There are 2 protein chains.
Amino acid sequence: MTGPALRDWRSVRDEVLRRIRAREWAPGELIPNEADLAVEFGCARTTVNRALRAVAERGLLDRRRKAGSRVAVLPAATAKLAIPVIRKEVEALGRTYAHRLMERCEAAPPETVARAMRVPAGAGLLRVRALHLADGGPYAFEDRWINTIAVPGAADQSFDRVSSNEWLLENAPYTHGEIAFSASKASAGEAGLIGCARGAALFVLDRLTWDGAASVTKVRIAFAPGHRLRTVL
Amino acid sequence: MTGPALRDWRSVRDEVLRRIRAREWAPGELIPNEADLAVEFGCARTTVNRALRAVAERGLLDRRRKAGSRVAVLPAATAKLAIPVIRKEVEALGRTYAHRLMERCEAAPPETVARAMRVPAGAGLLRVRALHLADGGPYAFEDRWINTIAVPGAADQSFDRVSSNEWLLENAPYTHGEIAFSASKASAGEAGLIGCARGAALFVLDRLTWDGAASVTKVRIAFAPGHRLRTVL
DNA sequence: CGCCGCATTATGTGCATACATAAAGCCACG
DNA sequence: CGTGGCTTTATGTATGCACATAATGCGGCG
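Scope of this entry: the structure provided in the associated data block.

What counts and how
Residues numbered from 1 in each chain as written. Chains lettered and ligands numbered in written order. Predicted model: local features only at pLDDT ≥ 70, side-chain atom pairs only at ≥ 80, totals over all residues. Heavy atoms only, no water. Phe/Tyr/Trp six-rings, centres within 6.5 Å; stacked < 30°, edge-to-face > 60°. Helix = DSSP H or I, 4+ residues; strand = E, 2+ residues; numbered from the N terminus. Buried < 20%, exposed > 50% of the residue type's maximum accessible area, 1.4 Å probe, protein only. Lys NZ or Arg CZ within 6 Å of the ring centre and 35° of its normal. Pairing = 2+ DSSP bridges. Axes fitted to C-alpha atoms, helices over the stretch in contact; angles between N-to-C directions. Near = heavy atom within 4 Å. Polar contact = N/O pair within 3.5 Å; in protein donor to acceptor, adjacent residues only side chain to side chain. Least-squares fit on C-alpha atoms with pLDDT ≥ 70 in both. Contact = heavy atoms within 4.5 Å. Arc of directions from axis to C-beta.

Summed over the entire model, instances satisfying the criterion amount to nine aromatic pairs over all chains. Arranged with centres 6.0 Å apart and planes meeting at 85°, the rings of Tyr139(A) and Phe223(A) form a pair that is edge-to-face. Taken as a pair, Tyr139(A) in strand 6 (residues 137-146) and Phe223(A) in strand 9 (residues 214-223) lie far apart in primary sequence, 84 residues in all. Of the two residues, Tyr139(A) and Phe223(A), both sit in the buried class. With a centroid separation of 6.0 Å and an interplanar angle of 15°, the aromatic rings of Phe203(A) and Phe203(B) are classed as stacked. Residue Phe203(A) is found in strand 8 (residues 201-211), and its partner Phe203(B) is found in strand 8 (residues 201-211); the two belong to separate chains. The same class applies to Phe203(A) as to Phe203(B), namely buried. The structure contains a cluster of three or more aromatic residues connected by ring pairs, namely Tyr139(A), Phe181(A), Phe203(A), Phe223(A), Tyr139(B), Phe181(B), Phe203(B) and Phe223(B). When the ring centre of Trp9(A) is taken as origin, the NZ or CZ atom of Arg50(A), which lies over that ring, is 4.1 Å away.

Following this line, the structure appears as structure tokens:
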């Protein structure tokens, strides 16, 4: 059963994946340690380590020092989502992108927004509302609050040529953030802008980004009905 | 500017991230090559390589042989989604999980399903419909088709004790699959089962998994209103 | 002047080795 | 009999080196 030596880490990774899928190593079971596998595969332990690390990143192995590596029992399917700039997303569909700025003003945010962004209740934030278009039709509606203290340049931007979505990604560095997806019924206002029936089910993305302790921007993007977020496993 | 030597790859990674965020290395710009960075940081090139690879995986660097590494211009925010078994998801919320099997029968799938799963139009598939409950209330409704040829054991499972969701993840290996998220209005049937108003906006997950060339299962899970899929950036 | 191919160069990977670190589990001691 | 601490072990990582691979871009040739 000692086939040809598996000398590169991708081969080792693939062989490990095969054994897991084929149940040669059953869920919950401890697999041989790196040194033994290295001997079996005829390669260096470093190579086995690289391979096992890759498998563990996919969630199919649980690794712990001293305890060894065991096959994950209920591997949470992990999907790597790429959330591109909306312009890119539209263009990737072979459609023509455009955007229309609906509103741009300085305003005090509602209490929920102020709390989420951790800014004083009366603080003036920049509010931008804009429609993203694909082939001239509504694609998504964006409702955004920008912390102009964290993003100084934003106050000077009109956002009529470059969308705030895109401008911020290029110009507002962030250290971390959260994204949430949900479904929501279209309000009367949204229905009018997006061009759908009132009460239609909209796919909604909420994103809040931070630069250290300061919030950068909070945005809600409601996509036109039919929008799907796809990914491969 | 030669601070204390950055000897481990995490430090190097963090320093690289800092420089990108601080615009010391501007978007689109070519960064120094690995060898030079290794000299600057006082570590081996291998270590720099490991660090840059990690940054590239986050999407903040584009690396190409010979061309070098350049800072990504529009880094598509990449989020790693973990889609756990529903029972785990509910329990992670500190709620009590239960599930109720609504239907389990062998049937010929509608044409759209047959085509998506690439099975003959008249083929008999196992259909399972079940409700997932949290603290006794509806959490999600699952409508599933199982290819019993690809998953032999499934025909003998009643799915009344262990949900098909969980049983399949443990027992049906797959090589790849697709997931799509969308929003959909609750049909009359769904509304009744989930206990929401008809026409409510539901967050829907569609998953189709494959084992090589054979489809394993196709499932649509509609979550109760208010459900959010969260992830960090 | 244009195009092709090869030299150059930056990243990608494998290996042997050494040491770091976490933690399981045993043993001695109370 | 319980427990704290030490030993052992498996993974984690740093390093120097060598060679693989891709692709750029220059130089030579038609």
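Structure shown, so let's carry the discussion forward.
What follows concerns the sheet that holds strand 4 (residues 97-107) of chain A. Ordered in space as 4(A)-5(A)-6(A)-9(A)-8(A)-7(A)-10(B), the seven strands form an open sheet in which the pairing is antiparallel. With one partner strand each, in any of the chains shown, strand 4 of chain A together with strand 10 (228-232) of chain B form the two edges of the open sheet. With direction set aside, neighbouring strand axes in the sheet form an average angle of 15°. Sheet analysis places strand 8 of chain A next to strand 9 of chain A, joined by nine bridges and oriented antiparallel. Paired with Val204(A) across the two strands is Ala222(A), which belongs to strand 9 of chain A.

Looking now at the protein's contact with DNA strand D. The local shell around DNA strand D holds 23 residues, among which Arg63(A), Arg65(A), Asp8(B), Thr47(B) and Arg64(B) are the closest. Take the atoms of DNA strand D that sit within 4 Å of the protein: sugar and phosphate atoms are 74% of them. Note that a phosphate oxygen of DNA strand D is positioned 2.5 Å from one of the side-chain N or O atoms of Arg63(A). Here a sugar or linking oxygen of DNA strand D sits 3.2 Å away from a polar atom, N or O, in the side chain of Arg65(B). Elements represented by at least two residues in the surface near DNA strand D include exactly helix 3 (45-57), strand 1 (61-64) and strand 2 (68-71) of chain A together with helix 1 (9-21) and helix 3 (45-57) of chain B. Residue contributions to the surface near DNA strand D peak at four residues, all from helix 3 of chain B.

As a further point, take the relation of the copies chain B and chain A. Each copy superposes on the other: chain B lies on chain A with an RMSD of 0.2 Å after a rotation of 180° and an axial shift of 0.0 Å. Here the copies are linked by what is in effect a two-fold axis. A symmetric contact is evident, with 100% of the interface residues of chain B recurring at the interface of chain A.

Residues and elements named next belong to chain A. With respect to the helices and strands, the residue Cys196 is situated in the loop between helix 7 (188-194) and strand 8. Cys196 sits 32 residues away from Ser164 along the chain, and the two C-alpha atoms are 24 Å apart. With sequence-adjacent residues up to four places away left out, Cys196 is seen in contact with Ala186, Ala191, Leu202 and Pro225.

Bringing unusual backbone geometry into the picture now. Even without being a glycine, Arg23(A) presents a positive backbone phi close to 65°. Among the structural elements, Arg23(A) can be located in the loop between helix 1 (9-21) and helix 2 (34-41).

As a further point, take the sheet that holds strand 6 (residues 137-146) of chain B. Backbone-to-backbone hydrogen bonds pair the strands of a sheet. The strands run either parallel or antiparallel. In space, the seven strands of this open sheet follow the order 10(A)-7(B)-8(B)-9(B)-6(B)-5(B)-4(B), with antiparallel pairing throughout. Two strands bound the open sheet, and with one partner strand each, they are strand 10 (229-232) of chain A together with strand 4 (97-107) of chain B. Pairs of neighbouring strands in the sheet enclose a mean axial angle of 15°, with direction left out of account. Its contacts with the sheet place helix 6 (residues 164-171) of chain B against strand 5 (125-134), strand 6, strand 8 and strand 9 (214-223) of chain B, and it is angled at close to 50° to strand 6 of chain B.

Take the side chain of Arg127(A) next. Residue and element names in this part refer to chain A. Tracing the backbone shows Arg127 in strand 5 (residues 125-134). Within polar-contact distance, the side chain of Arg127 engages the side chain of Asp143 at 2.9 Å. For Arg127, the residues in contact, after removing those within four places along its chain, are Glu103, Arg104, Cys105, Asp143, Arg144 and Trp145.

In this section: helix 2 of chain A. All names here are of chain A. Three or more residues of helix 2 are buried, namely Glu34, Leu37, Ala38 and Phe41. Buried residues of helix 2, viewed axially, fall in a sector of 105°; they line one side. Those residues of helix 2 hidden inside the fold are in contact with helix 1, helix 3 and strand 1. Looking at where helix 2 begins, the residue whose side-chain oxygen comes 3.0 Å from the main-chain nitrogen of Ala35 is Asn33.

So, about the pairing of strand 6 of chain A. All names here are of chain A. For strand 6, the buried fraction is high: eight of the 10 residues fall into the buried class. Both strand 5 and strand 6 contribute to a ladder of nine bridges, which runs antiparallel. If you follow Leu131 over to strand 6, its bridge partner there is Phe141. Between strand 5 and strand 6, which pair antiparallel and follow one another directly, the connecting turn spans two residues, one of which, Asp135, has a positive phi of 50°. Inspection of the sheet shows strand 6 paired to strand 9 by seven bridges, in the antiparallel sense. Within the sheet, the bridge partner assigned to Asp143 lies in strand 9 and is Arg220.

What follows is about the protein's contact with DNA strand C. Surrounding DNA strand C, one finds 23 residues, the nearest of these being Asp8(A), Trp9(A), Arg64(A), Arg63(B) and Arg65(B). Take the atoms of DNA strand C that sit within 4 Å of the protein: sugar and phosphate atoms are 77% of them. Here Thr47(A) contributes a side-chain N or O atom positioned 2.6 Å from a phosphate oxygen of DNA strand C. Between DNA strand C and Arg65(A) there is a distance of 3.2 Å, counted from a sugar or linking oxygen to a side-chain nitrogen or oxygen. Secondary-structure elements contributing two or more residues to the surface near DNA strand C are helix 1 and helix 3 of chain A together with helix 3, strand 1 (61-64) and strand 2 (68-71) of chain B. Sort the elements by how many residues they give to the surface near DNA strand C and helix 3 of chain A lands first, with four residues.

Honestly, it's all geometry; don't read function into it.
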